[in-house]
Amino acid sequence: LIMLLASFNILSLTEGAIFGVIIVLLLKSISMQEAYESINWSVIFLLAALVPISVAIQNTGADKLIGNFIIIFADFLSSFSSSENIIYLTLLYFFTFTLSAFMSNAAVAIIIAPVGMYLASQLNIDPRPFLIAICFGASNSFMTPVGYQTNLMVYGPGEYKVKDFLLVGLPLTIIFWLLAIKLIPIYWPFTSL
C-alpha cells in the first residue's frame with residue numbers, strides 16, 4: 001500500500017514510510033520494543049557524524065577543488081568524445097567507486113555529494129544524474145574486503161585474499177560502471193536548469 005501510494009505521488013516516500021510504521025504499530029504487528037531494536041543505530045550515528053564532514057567540505061571549498069579537478073580532466077578528455085556531461089558522470093562515478101573501495105559507502109556518498117552538486121551548478125544542469133552516480137558508485141564496493149561490511153564478514157572465514165576480491169570485483173565493478181554510465185542519463189537526463 002505504501003509503495004503504491006508513493007509511486008502514484010499520493011504520498012512522498014518519507015511520509016509513506018512514517019505512515020507504514022504507524023499502521024504496523026497500531027495493528028500491533030510488531031511491538032514498540034521490536035521497532036526500536038530493528039533500527040540499526042550504528043548506521044544512524046555514522047551518518048549523523050558524517051553530515052558535518054559534508055558541510056565542512058562545502059565550507060572549506062574542497063568540493064570546488066575536487067570539482068574543478070574533474071572539470072579540468074573532463075575538458076582534456078572531451079577532445080576524444082562529443083558528450084561532455086557523460087565524461088563528467090564517468091569521472092565522478094570512477095572517483096566515487098575508487099574511494100568506496102577503502103571507505104564506508106555511506107561515508108563516501110555523503111562526502112562526495114557536495115562535489116556532484118558543485119559540478120551540476122557549474123554545468124547549469126540538474127544534479128540528479130550526478131547524485132545517482134554517486135549513490136551507485138558508492139555502492140559499487142566489490143574490489144576490496146574493506147569496501148563493504150559483507151566483504152569483511154566473509155574475508156576471514158572464507159580465507160580469501162585481497163587478490164581474490166580484485167580478480168572477481170574489478171570486472172564486476174567495470175561492468176556496473178559501464179551500465180551506470182549508459183543507463184543513468186536515460187532515466188535521469190541532463191536537463192538544463
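Before any of the text, the structure's been laid out above.
In terms of regular secondary structure, the chain is built from 10 helices and 0 strands. Tracing the chain from N to C terminus, the helices and strands come up as α-α-α-α-α-α-α-α-α-α. If one aligns the C-alpha atoms of the chain with their principal axes, the spans along those axes are about 60 × 50 × 35 Å. Across the 193 residues of the chain, 32% fall into the buried class. In the form shown here, the chain has an accessible surface area of approximately 12,000 Å², with 72% of it arising from carbon and sulfur atoms. Separation between the mean location of the 6 positive side-chain charges and that of the 9 negative ones in the chain comes to 4 Å.

Turning next to a nonpolar patch on the surface. Taken together, Leu172, Ile175, Phe176, Leu179, Leu183, Ile186 and Tyr187 make up a surface patch of nonpolar side chains, about 680 Å² in accessible area. Along the chain, leucine 179 turns up in helix 10 (residues 162-187). Given the relative accessible area of 47%, leucine 179 is considered partly exposed.

Turning our eyes to something else, we now look at the nonpolar core. Residues Leu92 and Phe130 are the most contacted members of the largest nonpolar core, which totals 29 residues. Those elements giving two or more residues to this core turn out to be helix 5 (62-77), helix 6 (84-100), helix 7 (105-123), helix 8 (128-139) and helix 10. Top element by residues in this core is helix 6. It accounts for 7 residues. Setting aside chain neighbours within four positions, we find leucine 92 in contact with Ile70, Ile112, Val115, Gly116, Leu119, Phe130 and Ile134.

For the rest of this paragraph, the subject is unusual backbone geometry. With the exception of glycine, most residues fall at negative phi, and the peptide bonds are largely trans. Although it is not a glycine, asparagine 9 sits at a positive phi angle of roughly 60°. If you trace the backbone, asparagine 9 turns up in the loop between helix 1 (2-7) and helix 2 (13-26). For asparagine 9, a relative accessible area of 69% corresponds to the exposed category. Even without being a glycine, asparagine 124 presents a positive backbone phi close to 55°. Structurally, asparagine 124 is set in the loop between helix 7 and helix 8.

Conventions adopted
- Numbering of residues starts from 1 in every chain and runs along the sequence as written.
- Residue-level local features of this predicted model are given only where pLDDT is at least 70; pairs of side-chain atoms are given and counted only at 80 or more, and the full residue set underlies all totals for whole chains, interfaces and linings.
- Excluded from the side-chain calculations are hydrogens and water; all other atoms, namely the structure's heavy atoms, are used.
- Going along the chain from the N terminus, every DSSP run of H or I of four or more residues is numbered as a helix, and every run of E of two or more is numbered as a strand.
- Each residue's exposure class comes from its accessible area (1.4 Å probe, protein chains only) as a fraction of the maximum for that residue type: buried when under 20%, exposed when over 50%, partly exposed otherwise.
- A 1.4 Å probe and the Shrake-Rupley method give the accessible areas. Residues count as covered only by the protein chains that appear here.
- The charge count includes Lys and Arg as positive and Asp and Glu as negative, but it does not include His or the ends of the chains.
- Here the site of a charge means atom NZ of a Lys, CZ of an Arg, CG of an Asp or CD of a Glu.
- Nonpolar side chains (Val, Leu, Ile, Met, Phe, Trp, Tyr) within 5 Å and like charges within 9 Å form the patches, drawn only from residues with over 30% relative accessible area and no salt bridge.
- Within this document, salt bridges are pairs made up of a side-chain nitrogen of Lys or Arg and a carboxyl oxygen of Asp or Glu, the two lying within 4 Å of each other.
- Among buried residues, the Ala, Val, Leu, Ile, Met, Phe, Trp, Tyr and Cys ones that are joined through side-chain atoms within 4.5 Å form a nonpolar core.
- By definition in these notes, contact holds between two residues if any of their heavy atoms fall within 4.5 Å.

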